[in-house]
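Coordinate inspection notes
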Amino acid sequence: MTSIGERLARKEDPRLLRGLGRFGDDQDRPGQLWMRVVRSPLAHGRLVSISKPEGAHVITAEDVPPGVRIPVRLKVQGIDLDDHLQPVLAADEVRYVGEPVAVVLADDPYEAEDLAELVQVDIEELPVTVDTADGTQAAEFELGYGDVEAAFGEAGHVVRIEFEVGRHSAVPLEPRALLADVDPASGALQIFGMTKVPVFNRDVLATMLGIDENLIHVHAMDAGGGFGVRGEFYPEDFLVPWLAWTLRRPVKWVEDRAEHLVAVNHSRQQKHVISAAFDNEGTLLGLKDDVLHDNGAYARTHGIIVPELTLAMLPGPYRVPAFHGRVRVMLTNKTPCGTYRAPGRFEGTSVREQLLDVAADQLGIDRVELRRKNLLTADELPHTRAMSTLGTDVVLDSGDYPGLLDKAMVEADRLGYLSRLESLRAQGHAAGLGVAMFLEKSGLGPQETADVTVSTSGAVRVHSGGTSLGQGIETILAQVTADALDIDPAVVTVINGDTVLQPFGGGSWASRSTVVGGSAVHRAAVAVRERAVRMASRMLEVAEEDLEIKAGMIGVRGAPGSSVSYADVAKACRPGSPYLGPDEPAGLTARRRFEVEHMTYPYGVHVALVDVDTGTGHVEVLRYLVAYEVGRAINPTLVEGQLLGGVAQGVGGALLEEFRYDEAGQPQAVTFMDYLMPTAAEVPRIDVLVAQDAPAPGNPLGVKGAGEGGLTAAGAVIAGAIRDALGLTGSVGRLPMTAERVRGLIEEGT
Amino acid sequence: MKDIHLIALTVNGEEHEIVVESRRTLADVLRHDLGYTGTHIGCEHGICGACTVLLDGQPVRACLVFGVQADGCDVRTVEGLSDGEELSDLQKAFSRCHGLQCGFCTPGFLMLSEAYLSEQDGVPDEAQVREVMASNICRCTGYQGIVEAVRQVAEERAG
Ligand code: FES
Ligand code: FES
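Calculation notes
- Residues numbered from 1 in each chain as written.
- Chains lettered and ligands numbered in written order.
- Predicted model: local features only at pLDDT ≥ 70, side-chain atom pairs only at ≥ 80, totals over all residues.
- Heavy atoms only, no water.
- Helix = DSSP H or I, 4+ residues; strand = E, 2+ residues; numbered from the N terminus.
- Buried < 20%, exposed > 50% of the residue type's maximum accessible area, 1.4 Å probe, protein only.
- Contact = heavy atoms within 4.5 Å.
- Buried area = accessible area lost by both parts, 1.4 Å probe.
- Salt bridge = Lys/Arg side-chain N within 4 Å of Asp/Glu carboxyl O.
- Polar contact = N/O pair within 3.5 Å; in protein donor to acceptor, adjacent residues only side chain to side chain.
- Nonpolar A, V, L, I, M, F, W, Y, C, P; charged D, E, K, R; others polar.
- Core = buried A, V, L, I, M, F, W, Y, C linked by side-chain atoms within 4.5 Å.
- Domains from an automatic or database assignment.
- UniProt positions renumbered as here; feature names shortened; annotations may be inferred.
- Pairing = 2+ DSSP bridges.
- Expected span 1.5 Å × (residues − 1).

1. Let's talk about unusual backbone geometry
Pro382(A) follows Leu381(A) through a cis peptide bond whose omega is -5 degrees. Here Pro382(A) is to be found in the loop between helix H9 (367-374) and strand E16 (383-389). For the bond from Gly445(A) to Pro446(A), the omega torsion is 0 degrees, close enough to zero to count as cis. Among the structural elements, Pro446(A) can be located in the loop between strand E18 (430-439) and strand E19 (447-454). Non-glycine residue Ala342(A) carries a positive phi angle of around 65 degrees. Inspection of the secondary structure assignment puts Ala342(A) in the loop between strand E15 (323-331) and helix H8 (345-363). What makes Ala342(A) buried here is its relative accessible area of 0%. A positive phi is found at Glu44(B), a non-glycine position, where the angle reads about 60 degrees. Take Glu44(B): it is sitting in the loop between helix H1 (26-33) and strand E3 (52-55).

What follows is the structure, given as structure tokens:
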């Protein structure tokens, strides 16, 4: 009986459908204090004074331990960002609108909000930097390989474009929320609402508070979407637990949407100048990219990994003999940035694929043909690029890139994309087709740890280090466990992200939960299975080789009737059991670690058909196909779900979503009336083709992460489709392609 | 001085009497005073629809309604959809069609759909369902499963 590959109904669904999920704001404690953050109303200035309303409990930078700053979680390229870290409360200077300057505590959230409004913050204004190019350079680095100058020197054609990606972000539907409380019995700080990397966050907090990490218990919770931003360590992740710890009172904080839009990591804002060198046949000889990355006011937990990933993944699935990328990371008076689903890849893929579209026209080669010609072939894999990202070498592990491109084009044609395009054009519509190919990455190590335990009832518990962010990881890990133990997944319960139950978890990010977390669970379950067979051989007095497992029963091969269940074995593992050896630990349980050095690289193709209203500039996405290679789909429905959701976010990033600022650094998108996310009316029915042709060689399940590929090429394919629809010779130049921008392009007629 | 009122309302058939401040939203009354935490708050300004509940049968944004406005009213929330153990046809369809991921928007979409389906005579086509579902925001699913679930239930109910 295998559970892998089944479209099993999600374990998370029954509680969520009944409204019984446990989200950040779903719990209260008697006597809790509500925290409200007072945020800077100005983009840049010297903090002169903060006047506290009469009788209000207000905490400012003076009250917090000195020097507490948000640390960088992922240090790369050996670059020190210590001078640019964010304090938990601004002390002397404010650097963006929304920066926390004080917090107010009250018994009631309405009251806390009232009091926060009465706090007077006196700020002496300083010059504001909004444009990336005018910012302060926080870092500069280069990445690449091969002789790029020579490649451009001998090129028959050089194609160059400039391309900008607008600032937008994840905007999960649930705002952040935290509850912290000190348990009087254990003396431990209980935290509800930390997700993504709970063990890392626990350790950071322990260091900041100067307490043992085992005095902090981060609990498993549901979370209303993560997408990279939720669960990173923000100022509030220090303030709430610190207040609960020092005041010995439960403290609760719930962010409102206006705060969320200025407080939580923004992402994506980059400007590229990219060129490609081709020979006369259209073969790529080299690629050069110069990137200006806007990181907002500070470096937060992600440090500079977004720009690093941008460059490292820029060559994508193509055969690029020489590559050189340079990035300058600029600080401006805007909300600090971090990762958002497909970080660096959404940006890089948009730019590179637009470049290829322009190149195809200039070279007079069909754009699909140009791609096919330059894709690495199956025989060329594994392919090592002499550069690293996230501290690991880039080794493209397995796949058939041209094969997937062909499959996607055949599928799009079969589904009528091409005939629809023709008929729309025949009717005089400005319709266009976009095709974009991309490489993703997933399964970042270095490790994940999992525990699998069988109880005496036969129920199985899995304690994993990932967190449930809506991706269905409980279901996936239950399937992996059930598969290894040969049991019904219904008896498996998965607990994610509880730092006591799993103190060594790496968390859920970088599409790693199924790949790395799943592999750790697989190992632990296999170890439990082996132990069960060992115990059963003692119980049944037969050799291990003569035993087999079928549907949860361990029995003698060829002798039906003489068998024991996992529950029987679990009973035989209890202390005092005659089957247990003298030094053997009690319990049918195993903890295992999965370590991995290299990532695994999924890849995909997006095809989109758009119709542009040349009068209004409105772009309608009529059809959208995602073809994606995942190695092996543990649950195809969930893989498809990840892709569909990614496309919707991608359509938003390509057409609608942008955090704009005025010259004074005032954010222009602070409600859902100005930050426009796609609804069911803007997202078309999406066609999905999940390929399982190239299992990942580096993990026992053969899986590649599915979390990001629905989004990666959305900007690229929609930009390409609009370019096609308008018959442009150059690049569309910028995302998002708002109606205003599209009208501009039509007027320019470039 | 707080401006407080005693109100009475029925939630999922159960009667409640509580004292609320006049400015307290129905969403907060349901979530924090009465413990119906299935009603979610995603924006507090009436756009996302995560807080959608039925007020005397009509879908409303509970973040835009004050608790005092629900005095004497009949409220239905997501907790009232299933019949004990058994999920409703709509809840089952959401699961079957993968119409939820994080589940944060789900209570709002369920209540919106519940009201929509109860007003339907015939079976709506996909475009009609999409248009109504466009009242709420989901950041996870891309809407496909939600639209499909609602369409399927409309078909089932029409027989
Ligand atoms: S919370 Fe009420 S509409 Fe968003
Ligand atoms: S399922 Fe997460 S917002 Fe809809």
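Don't stop here, the text continues.
2. Here's the deal with the interface of chain A and chain B
Each side of the interface is counted separately: chain A has 55 residues, and chain B has 49 residues. Between chain A and chain B lies a buried interface of about 4200 Å² when both sides are counted; carbon and sulfur atoms form 54% of it. Where chain A packs against chain B, one counts six salt bridges. Note that Glu657(A) is salt-bridged to Arg139(B), the shortest N-O span being 2.7 Å. The interface formed by chain A and chain B includes 26 residue pairs in polar contact (both at pLDDT 80 or more). Secondary structure elements with two or more residues in the side of chain A that touches chain B: helix H1 (13-17), helix H2 (109-118) and helix H15 (636-656) of chain A. Sorting elements by how many residues they give to the side of chain A that touches chain B places H15(A) first, with eight residues. Its residues assigned to classes, the side of chain A that touches chain B comprises 28 nonpolar, twelve polar and 15 charged.

3. Side note on the pattern of salt bridges
Under the criterion given, the structure shown has 68 salt bridges over all chains. Across the pair Asp25(A) and Arg31(B) runs a salt bridge whose closest N-O atoms are separated by 3.0 Å. Residue Asp25(A) is located in the loop between H1 and strand E1 (33-39), and its partner Arg31(B) is located in helix H1; the two belong to separate chains. Accessibility expressed as a relative area gives 11% for Asp25(A), which makes it buried. Residue class for Arg31(B) comes out buried when judged on its relative accessible area of 3%. Note that Arg531(A) and Glu584(A) form a salt bridge whose closest N and O atoms lie 3.1 Å from each other. Residue Arg531(A) is located in helix H13 (residues 513-540), and its partner Glu584(A) is located in the loop between helix H14 (566-572) and strand E25 (588-595); the two are separated by 53 residues in the primary sequence.

4. Considerations on the nonpolar core
Core analysis: the largest hydrophobic core is formed by 176 residues, its most contacted members being Tyr624(A) and Phe94(B). In terms of residues, this core owes the most to one element, helix H16 (residues 714-726) of chain A, which gives nine residues. Residues within four places of Phe94(B) in sequence aside, it is in contact with Leu17(A), Gly99(B), Leu100(B), Thr106(B), Phe109(B), Leu110(B), Ser113(B), Ile146(B), Ala149(B) and Val150(B). Of all hydrophobic cores here, the second largest spans 49 residues; its members include Ala450(A), Val528(A), Ala532(A) and Val596(A).

5. A word on the side chain of Thr499(A)
Residues and elements named next belong to chain A. Secondary-structure assignment places Thr499 in the loop between strand E21 (492-496) and H13. Among the polar contacts made by the side chain of Thr499, one reaches the main-chain amide nitrogen of Val218 at a distance of 2.9 Å. When residues no more than four places from it in sequence are discounted, the contact partners of Thr499 are Pro198, Val199, Arg202, Ile216, His217 and Val218.

6. Some details on the domain arrangement of chain B
All names here are of chain B. Splitting chain B by domain gives domain 1 (4-80) and domain 2 (89-158). Taking the mean C-alpha position of each, domain 1 and domain 2 sit 22 Å from one another. With 18 residues of domain 1 at the interface, the matching set in domain 2 holds 14 residues. Both sides of the domain 1 and domain 2 interface together cover about 1200 Å² of buried area, and 63% of this is carbon and sulfur. Interface area lost by domain 1 to domain 2 is led by His40, Thr52 and Val78, which between them contribute 36%. Where domain 1 meets domain 2, there are one salt bridge. With a closest N to O distance of 3.5 Å, Arg76 and Glu114 form a salt bridge. At the boundary of domain 1 and domain 2, one finds five residue pairs in polar contact (both at pLDDT 80 or more). Residue assignment for the side of domain 1 that touches domain 2 shows that the elements contributing at least two residues are E3 and strand E4 (58-61). Tallied by class, residues from the side of domain 1 that touches domain 2 come to eight nonpolar, eight polar and two charged.

7. Here's the deal with the UniProt feature "domain: Aldehyde oxidase/xanthine dehydrogenase a/b hammerhead" (unreviewed entry) in chain A
According to UniProt, the feature "domain: Aldehyde oxidase/xanthine dehydrogenase a/b hammerhead" (unreviewed entry) maps to residues 18-127 of chain A in the numbering used here. The distance separating the terminal C-alpha atoms of residues 18-127 of chain A is 52 Å; by composition the span is 9% helix and 30% strand.

8. Some details on the pairing of E4(B)
Each regular strand shows side chains that alternate between the opposite faces of the sheet. Residue and element names in this part refer to chain B. One ladder, built from four bridges, connects E3 with E4; its direction is antiparallel. Its bridge partner lying in E4, Thr52 is registered against Arg61. Hairpin geometry of E3 and E4 is characterised by an intervening segment of two residues between the two adjacent antiparallel strands and by a positive phi of about 50 degrees at Asp56.

9. Considering the domain arrangement of chain A
Residue and element names in this part refer to chain A. We note that the domain assignment places domain 1 (24-127 + 175-223 + 230-263), domain 2 (270-443 + 598-749) and domain 3 (445-595) within chain A. With centres defined by C-alpha atoms, the gap from domain 1 to domain 2 works out at 35 Å. Buried area between domain 1 and domain 2, summed over both chains or domains, comes out near 2500 Å², and the portion from carbon and sulfur atoms is 63%. For the interface between domain 1 and domain 2, the tally reads 15 residue pairs in polar contact (both at pLDDT 80 or more). Ranked by residue count, the leading element in the side of domain 1 that touches domain 2 is helix H6 (residues 257-263), at five residues. For the side of domain 1 that touches domain 2, the class distribution of residues is 21 nonpolar, four polar and seven charged.

10. Digging into H8(A)
Residues and elements named next belong to chain A. Taking 1.5 Å per residue as the helical rise, H8 with its 19 residues ought to reach 27 Å, and the 26 Å between its terminal C-alpha atoms agrees with that figure. Within H8, 17 of the 19 residues are buried, which leaves it mostly tucked inside the rest of the structure. Phi turns positive one or two residues past the end of H8, at Gly364, with a value near 70 degrees.

11. Things to note about the pairing of strand E13 (residues 270-278) of chain A
Residues and elements named next belong to chain A. For E13, a buried count of seven out of nine residues is recorded, marking the element as mostly surrounded by other parts of the structure. Direction of pairing for E13 relative to strand E14 (residues 284-294): antiparallel, over a ladder of nine bridges. The partner of His272 across the bridge, within E14, is Val291. Between E13 and the antiparallel strand that follows it, E14, lie five residues; Gly282 among them carries a positive phi value of about 90 degrees.

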